[in-house]
Every structure is written in C-alpha cells, then in structure tokens.
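Architecture at a glance
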Amino acid sequence: MMEKIMARSVRLVFAGGMVASLAVPALAQDANAPLQRVEITGSSIKRATQETASPIQVISKEDLMKSGKSTVAEYLQTLTVDGAGSLPTGFGNGFAAGSTAISLRGLGATSTLVLLNGRRMAPFARADDGQKSFTDLSTVPMQIVERIEILKDGASSTYGADAIAGVVNIILRKDFEGLQLKGDTGMSRYSDGKQHKASLTYGQGNLDDDKYNWVANAEFFKSDRLKNSDRKDRAYIGRGDLRPWGFPVGTQFAGGFIAGNNNANVNNPAGAIRNPATNDYVTLPGCENLTATKDQTGAKGGCLWHHDQFRDMQPEIESMNLYTRGTWQVNSDTQVYVEAGFSKRDTSFTMIPPHVSPTVAFPPNASNPLGYVNYSNLALLGATHPQNPYGVATRLRYVAFDIGPQVRTANNEFQRYVAGIKGSLSGWDYDAGLTHSKSKLHLDYSNMLNMKVLRAALGDPTSQYFPYYIGSQASKNPASLYQALVTNAISDSTTQLDVVDVHASRELMQLPGGALGLALGAEHRREKVDNPSLSGTSDGSINASYVAAFGDSKVSAVFAELLAPVWPGVELSAAVRYDKYDNFNSTTPKAGFKWTPAKNFALRGTYTEGFRAPGPAEGSPLSQSTGTSTVIDPIRCPGGKPAAGGATSTDCGIPVAAVKVGSTALKPETSKGSTLGIVWDPFDGTSLALDAWKIKRSNEINPLPYNEAAALPTAIRNDNNLVVNGVVVPNSGTLVLTQAPYRNSSFTEVSGIDLDIKQRVRLGDYGRLNLGLVWTHTASWKRHESATTVYQYAGTHGNCDTSNCAGTPKNKGTINASWDIGSWNLTGNVNYRDSMQNVYFAGGLCASTLADGSGAPGACKIASFTTLDLSGRYNWNKQLTLFASINNVTDKIAPLDPLTYGGLSYNPMDATGAIGRYFKIGAQYKFF
C-alpha cells in the first residue's frame, strides 16, 4: 500500500511545482528497496515523498547556475512571491545599507523567516527602517547551495516567531567529494559595473564507505561601484532632473532652487541667504562653477543641481564567504556533524554632500526636552560674517560641496557555528544541535558635520573657526577649520543568537492509508541586540538623527506534529507550538490535508496561525529611529493642489521625517493564514499547481502612517507660513518632522493566487525541453488602520511607510525554457512585473505631478516591466564546464518612477533595467 501511495505522490508536482530533477530519483527507486525518507521545510516528520499539504517552491543548484545571477539574494528577488520590503543591493541610502533580504508576500523581511540548513541565523546588526529585524542573505555562499525550499504559508507552529509570510530554507551541500574551482566575470554593455567571483570547494570522504565526509568552500566576490551619472545617456535613468519629461523643478532629487518667499531648498551649493527685510532668499555668486546642471530654468534665482552629480547607483562591494561541514557516521544509527561559517562583506556607497540646516531628532534630554533641533529656523550666518551683506544674523541654505560627498561604508562580519547529533534510537529519528551565531556591523559615514563647530564658524566672531567661507569662496578656508568641522560618524553594532534544539519523530501505528507519524521537539534560544546610534547623534551635535536599538530576550518552546494517512489517498496533518518569552507567551497551531482521489490529481489545503514578537527596535524604550518618506502635505497641498499663499508643487510630494520610539506596551503581532490548491498532471510530462492563499496579520506593529502623521497639529514645520490676503496662516510652514510612534494598529489582510505550470518535452535526437510558468496574482493587500480607515495597496506604489516604496504590483510572472542537447544547455527566463498606479493607496491622490499639474508619469501609472535573461552551458568534458549569460538581453530601460527613494527615477527592484544589458562568462573545473 505504501508503495502505491509513493508512486502516486511522486507523479504530482511537489509544492506548487517541484523541479523535475528532484522528482526523478524517487521515481527511479526499486519497488523492493527501502523507502528513503526526507525532512521537508515546514515539517519535522520524515516522509517518503517530497510533497506536503503546504505549497512549497524548490530551487535547485541548477536553477541558480542557469539564472546568471551573482548572489542568492539577486535570484530570490526575481521570484514572484517576493514583494515590497525586499532589500536589493543598490538600496544604499537605506537604514540597512550593505545588506540584502527577501520579503514574502510583501509583508516585509521581518515576517519572512530565513533558515540555513533548517536553523536560524543571527539577524543583520541594523534594523531596516530602524524597525525591522531580518536575516542578511549576503552571508550565504551561493556556490555550495544544494537547494532552496520556500514554504509559501506560515510556519510558526514549527519554527516559532517571524514565519508569518513563510520560510526560506537555504540548504548547503553536505556530501561533496573532490576539488572544484569556479570563477566568473561580468560587465554591462557600457563596460562598467564589473563583477568578479571565484570559489573553491573541497570535499573528501564517503559516508557509506569511509564513514565520514568533510566539505569546505571559500567564495570571493567583488563588484565595482556604479554611479548614477554613468547612465546620463540612458533616458531618465539615474537622473535627478526630470524637467525634460514634463516634471517641475522641485523633484526629490533636485536641490538649490528657490520655491518662493521665505521658501528655499536647503541644498544650495553657492549658499542662499535670507534677506531679513523681505524674507526672500538671495543666492551668492559662483553657482555656475559648482553645479553640473547648466539649465537653471525655474530655479528662481537659486543654484539648481541634482543628486546624480554625486550619488551612486550600485555600491562597491568586496565579500568573502567561508563554510565548512564535517559529518561522521559513528555507527549505523548515529551521525555527528559540525558546521562553521564566516562571512565578511564590505560595501561603500556614495551619497550627496551634507547641508548646514538639517532637522535632527534624538532622545529628549534636560537641555532639549523636545528631542529635536530644527537648524533651518536658526539664524546661522552671523551679522559680521564677510559674506553676509545685511549686517544682522540671518538664515542660510547651503550644501557643502567644499566638504565633498558623504561615503557610507558598511563592514559586516557574520559567523555561525553548529554542532549536532542525529540518528535513530528506540524507533525514533532524532536530531539535536547547538547553534551560535553572531553578526558584527561597523558603519562609517564620512564627511559629517560637527554642528557645534559649524554654528561657531558661521556665526561667532570670537571663535577660532570664524569665518567659515562658503560656496565659491570656500578656498579661503584653512585646513584646520575642516579638521574641526568635518567628522566621521561611526557605530559598532552586534546581534547574537544562541540556540539549543532537539526534535524527534517516529511511526506510531498503521492507519488504512499508511503509518501515523509523530514528531516532538523543544528549543531554547537567546537573542541579543546592541545597536548604538552613530557617534554624535545623541544630542543633535552632528547632521544626522539618532537611530538605535537594544534588546536581550530569551525564548523557550515545545512543539508537536502529527501526520495521519487516515485512508488511502487521504492525509491529514496537524502541528502546535508553545513559545514562552520574557513577558508573553504564544500558542500557534497548524492543520492541513492532502487528498489524492486519482493518480494524477490532488487537492491540498492548510490553516495556520503565527506570530511575531516585538523586535528590539520596537519593544525597548531605549530604541529610537527617524525614518523618511514622501507625502502629500495636507496643509500646503490640500486635494493635491498647492495652497494659496506660497505653497508649490514641491509640497505635493515632500520628504518628511518621522520619529519612531520603542514601547514596552506593544503586543506581539498575530496571524491567521490559509491555503487551498490543486496539483494536477493532465497530460504526460505536464504538471500544474494552483494555490489560493490568504494571510491576516493582526496587532500589527507599525508607526503611524506618514500621511496621517503629517496632518498632526504637533508636526514640526518651518516658519515660512502661508500668507493669504495678507493674513498669516499659523503652523502652515514647510513640513520637516513629525511623530510616528510605534503602535499595534488594527490588521493587514493579503490574498492572492499562485500558478505553477511545467511541461517536459522529449525531442528525441534533439534532446529534451523543459518549459515553465510561475505566476502570482495579489488580489488584495489591505491595511486596516481603524474601523473607518482602510488602505488598499494592491496595484499601487504603496506601502511607502514600512517598506522601500517599491510598490505592490498585482501580477508578477516568470516564464522559463531550458533545452538540453548533448553537452549543451540553453536557458531563457522572462521576468514580468505588472504596472502600478502611482498613488500611495488605491483611491488616493496621484503621488507625483507634472509641471502642468497632471498626474505623473503617464497618467499616474508606473509602467510594467519585462526582461529576458539567457544563459548557456557547455560540458567540455567531465572536468571542465564553460558557461555564459546575458541579463536583460533586449536592454530594456526600467520604467520612469519619480516616487521611489531607492533609485534615482527608477524602481530599485527594476535595477537590471537601470544597469542595462549585462554579460557574464565563467568556467568550472573539477580536478578530481
């Protein structure tokens, strides 16, 4: 009976589309041979088939090689299940610059649990958006990956917190024998963006014959810096100046312009001084020698320039990953193993120079109980300063080109050690282990301003640093001034994870459909976070806000799982886990079924509950961060139109900072999810999987939405108030800062459909062809802030408050074809992203406008984006393999995206369309 069930099961597509290469070994087993049982992500019970009630996508090492991608993160971010909140390599101006992450279902990296060989890793040492703890995929060596299993429903019943949206389990090789060298190099069609990668893998010993295996891998990667200005001829890509495409002067990557009376952009490279008699800003001479922007139309007497004059598109990266694993077969029932991994990744990203009138936030103190300083409202330029013609102290708008661009360097070190024992004892299959993992991050931000020295150098005649000459006269400044004025802000952060875990499974009794399986397990872990803010930010003495997180928590858990084949073709499963934290506990169940009424058809479904504990950045009052997002100012741009009295189109899309503070009153997030689907083999060589999914995440930990925070009467504004018919409108100045405290908001509910179709075609003498389609449709992505306030993000550019503002397209798809003939393999992948309305939420005002006031771009829509990638591989002989790839074969340009802040005028998730056609060649040689 078990053999019949197995034969039927391997015909079905595993977990929404099991790759054929993984199904073949099971199919080829001798009917009289012992069944080989395996453990699948999301379950602790070993089984004879690799198909469960949950939808699971499996990526093989062959898939990774054929993709032409350089890293695990790059590949995973092409998957249709990835969504908003994913962290790409080029997001260098984010909180967690230098890291990469995946966000399943767009619920954020913090709701996506990433495992390595089935166990947790210490999170990246700086939370994204100052809030969200996540696992950095950059620490995973790509060359030694055996496969990646993606569980597309919740798994808190097995793994505990953070698995609300699903699980990504990266499984490394454990049985390699021989010595293998692999290297590749690549560059764009512009002969830049060069990347080089080399890896060496050595393994010896066979578990069956030698009773041991040891494998070691070293991987080295280098990627050159790519500047936005390197794409100055690629339409709008990397451009801060969007006037040629109908946009106004005041876009988010423009600086130095004057918007109106008492309203000048802070980033003026020549220096703009406010006339105390009229409150008009007047620009000092010398602009033409400072800015690369020659067309000053619309600057209104300012000094217009754009961020692409300095800012990088992709960072410079150097990384090294080391990994080793030893396995010893002590006897037929006992196996001992150890793992050790070390990763070092250094990234460097160039930003714009600092300006002298920031608004910075920090924890309130006795001298500043408000916890912020708005330098924009201070008369920084002293009455006797040589460049001040007015004879009284006045306000200054100045970006310090004389100091140069800020360079953000992030040096991350990651280490992980595992020791374990597994085997069989008294009918139980067990696995127990100890895990120690640590992440260390050193941040170094160059060319920061010492604000105390700055104020003295600009306004205090008694200071040794006075006067600080600005703009075209900066050459008069002595080196001693810059030595005191310019500083590097640094921080050293660590996260640490220590885990002891054990789980065991066995067969209890025979049911009509097979053996009843039981699994039991326990886990205890300690998580520590020490993320101090950049030096100098605790009191506003440098030009950056305070961002810090601290935490130390202990978690103990027990769990159980049942697998019951209650009838031939009918399998029921159930699991439950109890987690005890320092100040709360959680019980999370899961149930599933799989019904196989015919050889080629199965119906499956799951119901799961999950939770996410408040992270260190959210749950500790010692934690605080200040994030920035673009909003429509409700005071100065009501109804999407600039208000009378001095407002401009800039107010209709203005970056606003919001202070977020941790709170011990926060409760954990909870979730309920369900899936229902079919797997069907309608024809020989054809497999189809269709799964509907729905997740409801309640008690969400979110800051107050920025658009709502902008409307608070406590919002901090400049004092350039609107003046209507000679009457000043109080508290109507330019928006600069507001409060967005963390809170348990109502809930988010997302739903959609996954489709996975695979077709195998035998071509006789012409080899074989594998075709595939993976499609994800997000039908709804709603956040319920209250009983009356609901935001629908599906098909829009939102959510921009708690993600990188990459948007939530309704449809994402991948079509692939792989042709094997003789020693050749040729593969093509088409990646598709749906268009999105350029609104913050469905029904909202257009987030960007053209100079004529109409919605931008293209009737307020971000166009869809489709790319074609090709790769080829040739097995020269048993030792040597040659391969090559071309990403973005058609050299398609990424759609214009004026809202996102992750890339200059393009969406950061469309980076391949910004970089352009990319070529890569490489070779792999196995010495023995």
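None of these values were measured; they are calculated from a predicted model. (Residues numbered from 1 in each chain as written. Predicted model: local features only at pLDDT ≥ 70, side-chain atom pairs only at ≥ 80, totals over all residues. Heavy atoms only, no water.)

**Brief notes about the overall build of the chain**
Where we set the bar: Helix and strand definitions follow DSSP, with helices as H or I runs of at least four residues and strands as E runs of at least two, each counted in order from the N terminus. For the radius of gyration, the atom set is restricted to C-alpha positions; the globular benchmark scales as 2.2 Å times the number of residues to the power 0.38. For the exposure calls, accessible area comes from a 1.4 Å probe over protein chains only, and a residue counts as buried if that area is under 20% of its type's maximum, exposed if over 50%, partly exposed in between. In this analysis, two residues are considered to be in contact whenever any of their non-hydrogen atoms come within 4.5 Å of each other. Only four residue types enter the tally: Lys and Arg on the positive side, Asp and Glu on the negative side; His and the chain ends are excluded. One atom stands in for each charge, and that atom is NZ of Lys, CZ of Arg, CG of Asp or CD of Glu.
Counting its secondary structure elements, the chain contains 10 helices and 49 strands. Taking 2.2 N^0.38 as the reference for a compact globule, 928 residues should give roughly 30 Å; the C-alpha atoms of the chain span a radius of gyration of 29 Å, in line with that estimate. A principal-axis box enclosing the C-alpha atoms of the chain has dimensions of 100 × 60 × 50 Å. Here the chain, with 928 residues, has 58% of them falling under the buried criterion. Sequence-distant contacts in the chain: of pairs separated by 6 or more residues, those separated by 24 or more amount to 71%. Of note, the chain has its 86 positive side-chain charges centred 2 Å away from the centre of its 80 negative side-chain charges.

**Overview of the nonpolar core**
The condition that has to hold: Definition used in this section: a nonpolar core is a set of buried Ala, Val, Leu, Ile, Met, Phe, Trp, Tyr and Cys residues joined via side-chain atoms within 4.5 Å.
Leu 76, Ile 148, Val 168 and Ile 170 are the most contacted members of the largest nonpolar core, which totals 40 residues. Residue assignment for this core shows that the elements contributing at least two residues are helix H4 (72–76), strand S2 (112–116), strand S4 (145–151), strand S5 (166–172), strand S24 (486–511) and strand S33 (686–698). It is H4 that provides the largest number of residues to this core, a total of 4 residues. When neighbours within four sequence positions are excluded, Ile 170 is seen to be in contact with Val 72, Val 114, Leu 115, Leu 116, Asn 117, Leu 137, Val 140, Val 145, Arg 147 and Ile 148. With 28 residues, the next largest nonpolar core counts Ile 403, Leu 449, Ala 457 and Leu 458 among its residues.

**Examining the state of the cysteines**
Each disulfide consists of a covalent bond between the sulfur atoms of two cysteine residues. Quick note on the threshold: Any two cysteine sulfur atoms lying within 2.5 Å of each other are counted as a disulfide.
Scanning the entire structure with this criterion turns up 4 disulfides. Two residues, Cys 800 and Cys 805, share a disulfide whose sulfurs are 2.0 Å apart. On the S-S bond that ties Cys 800 to Cys 805, the torsion sits near 45 degrees, and the link is right-handed. The exposure classification of Cys 800 matches that of Cys 805, with both residues buried. A disulfide bridge connects Cys 846 with Cys 860, and the sulfur atoms are separated by 2.2 Å. Looking down the S-S bond of the Cys 846 and Cys 860 bridge, the torsion is 115 degrees, so its handedness is right-handed. Here Cys 846 is found in the loop between strand S45 (836–837) and strand S46 (861–862), whereas its partner Cys 860 is found in the loop between S45 and S46, with 14 residues between them in sequence. In this pair, the class of Cys 846 matches that of Cys 860, namely buried.

**Let's talk about the sheet that holds strand S14 (residues 281–283)**
Two strands in a sheet stick together by hydrogen bonds in their backbones, pointing the same way (parallel) or opposite ways (antiparallel). Put simply, the rule reads: One requirement defines pairing of two strands: DSSP has to find at least two bridges between them.
With antiparallel pairing, 3 strands are arranged side by side in an open sheet as S14-S13-S21. Edge positions in the sheet fall to S14 and strand S21 (396–397), since each of these pairs with one other strand and no more.

**Here's the deal with the packing of aromatic side chains**
Spelled out, the test is: Put simply, two rings from Phe, Tyr or Trp (the six-membered ring, in Trp's case) pair if the centres are within 6.5 Å, and we call them stacked under 30 degrees between planes, edge-to-face over 60, tilted for the rest.
Inspection of every chain in the model, using the stated rule, returns 19 aromatic pairs. Relative to Phe 584, the ring of Tyr 581 has its centre 4.5 Å away and its plane inclined at 10 degrees; by these criteria the two rings are stacked. With a relative accessible area of 7%, Tyr 581 lands in the buried category. Among the aromatic side chains, those forming a connected cluster through ring pairs are Trp 781, Tyr 791, Tyr 793 and Phe 841.

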